[in-house]
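Residues per chain are reported as follows:
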Amino acid sequence: MAGQRLAAACFLAALVAVGCSDIKRFAYAGFDRDSWQQPDRVLETLEIPPGARVADLGAGGGYFTFRLAEAVGPGGRVYAVDVDETMTDYLTARANDEDWDNVRVILGEYEDPLLPDGAIDLLFTSNTYHHIQDRVAYFRRVRADLAPGGRIAILELNDSGWFPRWFGHHTPLETITSEMTTAGYELQGTFDFIDRQHFAIFGVSSP
């Protein structure tokens, strides 16, 4: 417990020292994200075909954005969505600097990601689900953005670490499944290879 308090104190001190936007880029990452997040395995599991149109909802600093952009290739498109203008400015600058022509950055709204209707083959979101206020209404609205056969992949923190427990940044898988079902989706699969996150894929429910 003392160690957790010390970690929380250090985190808050860092927040004051370097500013919110910098912390938000890396808040969920820690120093070893590649090892626990297993991004290559996540992308492999998603089986994203070249040319796909993918939305990265809550893109933050772009940890998954540019990996998704590589997966869809030059003929595809990634819509990097965030409601924080400091994040979208950062993503825009990075996409321009690194010549990611297939990345389009969107400053979304809290109630609507402002994605093109009927255009999204996969909506991907990592560690963002708990930030959405009225999730059932939100994902009902998102249905209009999905292309036929479109999917939603949700990676959401569980309560295994001090950060999600102390700050409430987690959602039980049962809650996610219940809310998404109410919003008009059906669970297509869950994966348990990430210790710190739930990983679930949903499709639109059959009429």
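Residues numbered from 1 in each chain as written. Predicted model: local features only at pLDDT ≥ 70, side-chain atom pairs only at ≥ 80, totals over all residues. Heavy atoms only, no water.

K.L.:
Looking at this structure, I do not really get the packing of helix 7 (residues 135-142) against helix 9 (residues 173-182). What am I missing?
P.N.:
Each packed pair of helices is defined by two parameters, the angle between the axes and the distance between the axes. Where helix 7 meets helix 9, the closest approach of the two axes is 8 Å, and the angle between their N-to-C directions is 50 degrees. What the angle tells us is that helix 7 and helix 9 run oblique. When the axes of helix 7 and helix 9 are compared, the crossing they make is right-handed. Every residue of helix 9 that contacts helix 7 at Arg135, Val136, Phe139 and Arg140 is listed here: Thr175, Glu179, Met180 and Thr182. (Axes fitted to C-alpha atoms, helices over the stretch in contact; angles between N-to-C directions. Helix = DSSP H or I, 4+ residues; strand = E, 2+ residues; numbered from the N terminus. Parallel < 35°, antiparallel > 145°, perpendicular 65-115°, else oblique. Left-handed = near helix turned anticlockwise from the far one by under 90°. Contact = heavy atoms within 4.5 Å.)

K.L.:
Would you take a moment to explain the environment of Tyr138 for this structure?
P.N.:
Position of Tyr138 relative to the elements: it lies in helix 7. A sequence separation of 42 residues divides Tyr138 from Met180, and the C-alpha atoms of the two residues are 10.0 Å apart. Every residue in contact with Tyr138, bar those within four places of it in the chain, is listed here: Leu57, Glu109, Tyr110, Glu111, Asp112, Pro113 and Ile132.

K.L.:
I keep staring at helix 9 and nothing clicks. Help me out?
P.N.:
Spacing of three or four residues puts side chains on the same side of an α-helix, whose turn is 3.6 residues. Those residues of helix 9 lying buried are Ile176, Glu179 and Met180. On an axial view of helix 9, the arc spanned by its buried residues comes to 95 degrees, and they lie on one face. Positive backbone phi, approximately 105 degrees, marks Gly184, located one or two places after helix 9. (Buried < 20%, exposed > 50% of the residue type's maximum accessible area, 1.4 Å probe, protein only. Arc of directions from axis to C-beta.)

K.L.:
What's the story with the sheet that holds strand 4 (residues 120-126) in this structure? I'm lost.
P.N.:
With mixed pairing, seven strands are arranged side by side in an open sheet as 3-2-1-4-5-7-6. Each of the sheet's edge strands pairs with one partner strand only, and the pair in question is strand 3 (103-107) and strand 6 (185-191). Between one strand and the next, the sheet's axes are offset by a mean angle of 20 degrees, whatever the strand orientation. Across the sheet, helix 7 touches strand 1 (53-57), strand 4, strand 5 (146-157) and strand 6, and the angle it forms with strand 5 is around 150 degrees. Most of the contacts of helix 9 go to strand 7 (residues 197-204), to which it runs at about 15 degrees, and overall it touches strand 5, strand 6 and strand 7. (Pairing = 2+ DSSP bridges.)

K.L.:
Help me out: how do you make sense of the packing of aromatic side chains in this one?
P.N.:
Two descriptors summarise a pair of aromatic rings, namely the distance from one centre to the other and the angle between the planes of the rings. All chains considered together, the criterion is met by seven aromatic pairs. Aromatic side chains Tyr138 and Phe139 sit 5.3 Å apart centroid to centroid with 70 degrees between the ring planes, which places their arrangement in the edge-to-face category. Here Tyr138 falls in the buried class, since its relative accessible area comes to 5%. Note on Phe191 and Phe199: the rings are 5.0 Å apart at their centroids and 50 degrees apart in plane angle, and the pair reads as tilted. Take Phe191: its relative accessible area is 30%, and that puts it in the partly exposed class. Among the aromatic side chains, those forming a connected cluster through ring pairs are Tyr63, Phe64 and Phe124. Above the ring of Tyr63, the side-chain terminus of Arg33 is found at 3.8 Å from the ring centroid. (Phe/Tyr/Trp six-rings, centres within 6.5 Å; stacked < 30°, edge-to-face > 60°. Lys NZ or Arg CZ within 6 Å of the ring centre and 35° of its normal.)

K.L.:
What's the story with the environment of Val136 in this structure? I'm lost.
P.N.:
Structurally, the position occupied by Val136 is in helix 7. Given a relative accessible area of 18%, Val136 falls into the buried group. Along the primary structure Val136 and Ile176 are separated by 40 residues, whereas in three dimensions their C-alpha atoms are 9.7 Å apart. Residue contacts for Val136: discarding those within four places in its chain leaves Glu179, Thr182 and Ala183.

Geometry only, nothing functional implied.
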